[in-house]
Amino acid sequence: FAQQQLAFQTQINWAKEFSLPIVIHSRNSFDEIVEILEKNKDEKLRGIFHCFSGNKEQAEKAISLGFKLGIGGVLTYKNSGLDKAIADIDLKHLVLETDSPWLTPTPHRGKRNESLYITLVAEKLAEIKSSSIEEVAEITTANAKEVFGI
């Protein structure tokens, strides 16, 4: 565990030195990751919590640290709870992801994920936000461009 923390800290230092975003895939380690990020928080720290699947409090904490939430196929899963976790989160804090070939959205769950299926995630997000798919696409694309400096 200490070795992982050291490697993560090194990656954070490099990202900040070279003005690059950090993409974090957190599995059962959210609190430990946040603890390290809090020690490093400044105007250079930014990135995405890839495949975010946490709760509302975790979403708000990640956002407070300057991170966007990567939303993918899990959003379309009936019992994931992700829809409730992000219901009150502004679109300006979200980016869409495929995680291809994994986490295929419903109704294709269990099959190989394809980039084409990102529209299913966008549709579900639009439904949750009572928004249009065009607005979701516009805002989440702008968010991704912001994070990656495009």
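Above this note sits the structure.
The structure presented is a predicted model; accordingly, all values stated were derived computationally and were not measured.

So, on to the overall build of the protein. Check the secondary structure of the protein and you find six helices and four strands. In sequence order, the secondary structure elements of the protein are arranged as α-β-α-β-α-β-α-β-α-α. In summary, the protein has a C-alpha radius of gyration of 15 Å against a globular reference of 15 Å for 150 residues, a match within 12%. A total of 150 residues make up the protein; the buried ones form 43% of that total. The contacts of the protein with a sequence gap of at least 6 include a subset with a gap of at least 24, amounting to 60%. Only carbon and sulfur atoms are counted for the fraction: they give 51% of the accessible area of the protein, which is about 8,700 Å². With 18 positive and 21 negative side-chain charges, the protein shows a spacing of 3 Å between the two charge centroids.

The next thing to look at is the packing of aromatic side chains. Across all of its chains, the model carries two aromatic pairs by this definition. Note on Phe30 and Phe49: the rings are 5.4 Å apart at their centroids and 45 degrees apart in plane angle, and the pair reads as tilted. A residue pair is termed long-range when its members are at least 10 positions apart, and Phe30 in helix H2 (residues 30–40) and Phe49 in strand S2 (residues 47–50) qualify at 19 residues. The residues Phe30 and Phe49 share a single accessibility class, namely buried. When the centroid spacing of 5.4 Å and the interplanar angle of 70 degrees are considered together, the rings of Phe49 and Phe67 count as edge-to-face. Separated by 18 residues along the polypeptide, Phe49 in strand S2 and Phe67 in strand S3 (residues 67–71) bring together distant segments of the chain. Residue Phe49 shares its accessibility class with Phe67, and that shared class is buried.

For the pair helix H5 (residues 118–129) and helix H6 (residues 133–148), interaxial distance at closest approach is 8 Å and the crossing angle is 110 degrees. With respect to their mutual orientation, H5 and H6 come out roughly perpendicular. Residues Thr119, Ala122, Glu123, Leu125 and Ala126 of H5 pack against Ile133, Val136 and Thr140 of H6.

Calculation criteria
- Here the residue numbers are simple positions, counted from 1 along each chain's written sequence.
- At least 70 in pLDDT is required for a residue's local features to be given in this predicted model, at least 80 for side-chain atom pairs to be given and counted, and no such filter applies to totals for whole chains, interfaces and linings, which use all residues.
- As a convention, hydrogens and water are excluded, and side-chain values are obtained from all of the structure's heavy atoms.
- The helix and strand labels rest on DSSP assignments: H or I over at least four residues marks a helix, E over at least two residues marks a strand, and numbering proceeds from the N terminus.
- Values of the radius of gyration come from C-alpha atoms, whereas the globule rule sets the reference at 2.2 Å times the count of residues to the power 0.38.
- Relative accessible area decides the class of each residue, using a 1.4 Å probe on protein chains only: under 20% of the type maximum gives buried, over 50% gives exposed, and in between gives partly exposed.
- Contacts are assigned to residue pairs with any non-hydrogen atoms lying within 4.5 Å of each other.
- Exposure was quantified through the Shrake-Rupley algorithm and a 1.4 Å probe, taking into account, for residues, occlusion by the shown protein chains and nothing else.
- Residues scored as charged are limited to Lys and Arg (positive) and Asp and Glu (negative), so that His and the chain ends carry no count.
- The atoms used to mark charge sites are NZ of Lys, CZ of Arg, CG of Asp and CD of Glu.
- In this scheme Phe, Tyr and Trp rings, the latter by its six-membered ring, pair at centre separations within 6.5 Å, and the angle between planes marks the pair as stacked below 30 degrees, edge-to-face above 60, and tilted otherwise.
- A fitted line through C-alpha atoms represents every axis, and for helices the fit uses only the stretch in contact; the resulting angles, taken between N-to-C directions, go from 0 to 180 degrees.
- Should an angle fall under 35 degrees it is taken as roughly parallel, and over 145 as roughly antiparallel, whereas 65 to 115 is taken as roughly perpendicular and any remaining angle as oblique.

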